[in-house]
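# Tertiary structure, described
If you want the building blocks of each chain, they are given just below.
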Amino acid sequence: MKQKLEYRIFIVEQKGTDFFNRGRLFNAGYLEVRKFGNWKCVVFHDVDLLPLDDRILYSCPMWPRHMCGTVVEVKNPSFRTLFGGVSAMIPQHFEKVNGFSNVYWGWGGEDNDLFWRIRAVGLPIVRYNKLIAKYTSLQHDKSKPNTLRYNLLKTFATRFLRDGLTTLEYVVDKVTLHHLYTHLMLDINPKKKNITKIMLEASRWI
């Protein structure tokens, strides 16, 4: 409200007990959010991160912006090829890169993958100075790491146009309208495919 923005907050939750898939969840959330308005900017925000500086603007510049420059709990962070934590994009750019990858089940990789998608279509990435872009991370249990993430990153260029928004399968389980936010419960594995099998299928891209 201090920034005098017209905004709406959506909490997007993954239904079930499968490995967490941040990319699929954000893709499905984006497609659902479009049904609520003609948004000019979308901020993808990890629920455990809180901004520590009022100068972090929750709006979209001309180019994709990586907003989370520093997490104070992380020592010696390296964000050169990272586009995770908190990021802002206009819808046209997000759709141009076909959104996030859908194949990163477990922690890690999907944000780096998005970084290279953005670069592959010729878009620059802007960042705040790390002295401004400070966030703190709330305590939480970490998801299991994706053991294929480093190998999958090597193949982003051969699959990003056929792995993302255009190939996503999901089902809306429940939409709850609260006073300050909208809660979306989404099933991002509606055909109940075996996650181990999905991971093996993804490995064929390697």
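Residues numbered from 1 in each chain as written. Predicted model: local features only at pLDDT ≥ 70, side-chain atom pairs only at ≥ 80, totals over all residues. Heavy atoms only, no water.

## A short note on the overall build of the protein chain
Within the protein chain, the regular secondary structure consists of 6 helices and 10 strands. The C-alpha atoms of the protein chain give 16 Å as radius of gyration, which agrees with the globular expectation for 206 residues (17 Å, within 12%). Considered along the principal axes of its C-alpha atoms, the protein chain spans approximately 45 × 40 × 35 Å. For the protein chain, with 206 residues in total, the buried portion stands at 46%. Within the protein chain, contacts between residues at least 6 apart in sequence are counted, and of these 76% link residues at least 24 apart. A total accessible area of about 12100 Å² is found for the protein chain, and carbon and sulfur atoms account for 56% of it. Of the side chains in the protein chain, 31 bear a positive and 19 a negative charge, and the two mean positions are spaced by 5 Å. (Helix = DSSP H or I, 4+ residues; strand = E, 2+ residues; numbered from the N terminus. Rg over C-alpha atoms; globule rule 2.2 N^0.38 Å. Buried < 20%, exposed > 50% of the residue type's maximum accessible area, 1.4 Å probe, protein only. Contact = heavy atoms within 4.5 Å. Areas by Shrake-Rupley, 256 points an atom, 1.4 Å probe, with all protein chains shown as cover. Lys, Arg positive; Asp, Glu negative; His and termini not counted. Charge placed at Lys NZ, Arg CZ, Asp CG, Glu CD.)

## Brief notes about the UniProt feature "domain: Galactosyltransferase N-terminal" (unreviewed entry) in the protein chain
Annotation from UniProt places "domain: Galactosyltransferase N-terminal" (unreviewed entry) at residues 2-61. End C-alpha atoms of residues 2-61 are separated by 18 Å, and the span's content is 20% helix alongside 20% strand. (UniProt positions renumbered as here; feature names shortened; annotations may be inferred.)

## What to know about the sheet that holds strand S9 (residues 171-177)
Spatially, S1-S10-S9 is the arrangement adopted by the 3 strands of the open sheet, whose pairing is mixed. Lying at the two open borders of the sheet, with one neighbouring strand each, are strand S1 (10-14) and S9. Strand-to-strand, the axes of this sheet are offset by a mean angle of 20°, without reference to chain direction. Relative to strand S10 (residues 182-187), S9 is paired through 6 bridges, and the arrangement is antiparallel. When the sheet's bridge partners are listed, Val 175 is paired in S10 with Leu 184. Sheet strands touched by helix H1 (residues 22-33): S1, S9 and S10. Its angle to S1, the strand with the most contacts, is close to 135°. (Pairing = 2+ DSSP bridges. Axes fitted to C-alpha atoms, helices over the stretch in contact; angles between N-to-C directions.)

## Observations regarding the state of the cysteines
Linking two cysteines covalently via their sulfur atoms produces the bond known as a disulfide. Summed over all chains, the structure comprises 1 disulfide. Note on Cys 68: no disulfide assigned, nearest cysteine sulfur contributed by Cys 41 at a separation of 16 Å. Given a relative accessible area of 2%, Cys 68 falls into the buried group. (Disulfide = S-S within 2.5 Å.)

## A few points about H1
End to end, H1 covers 16 Å across 12 residues, agreeing with the expected 16 Å (1.5 Å per residue, within 8%). By the criterion of burial, H1 is predominantly enclosed, with 12 of the 12 residues buried. Between the side-chain oxygen of the N-cap and the backbone nitrogen of Gly 23 there are 3.3 Å, and the N-cap of H1 in question is Asn 21. (Expected span 1.5 Å × (residues − 1). Polar contact = N/O pair within 3.5 Å; in protein donor to acceptor, adjacent residues only side chain to side chain.)

## A closer look at the sheet that holds strand S3 (residues 49-51)
Across the sheet, 3 strands lie side by side as S3-S8-S5; this open sheet has mixed pairing. Each edge of the open sheet is held by one strand with a lone partner, namely S3 and strand S5 (70-71). Where S3 and strand S8 (residues 134-137) come together, 3 bridges link them in antiparallel fashion. Bridge pairing links Pro 51 to Tyr 135 in S8.

## Describing the pairing of S10
Counting buried residues along S10, 6 of its 6 residues qualify, which places the element largely inside the surrounding structure. Judged by which residues are buried, S10 turns out to be covered on both faces: Thr 182, Leu 184 and Leu 186 on one side and His 183, Met 185 and Asp 187 on the other are all buried. Of the strand pairs in this sheet, S1 and S10 are connected by 5 bridges, and their pairing is parallel. Within S10, the residue paired with Glu 13 across the bridge is Met 185. Linking two consecutive strands that pair antiparallel, namely S9 and S10, is a turn of 4 residues.

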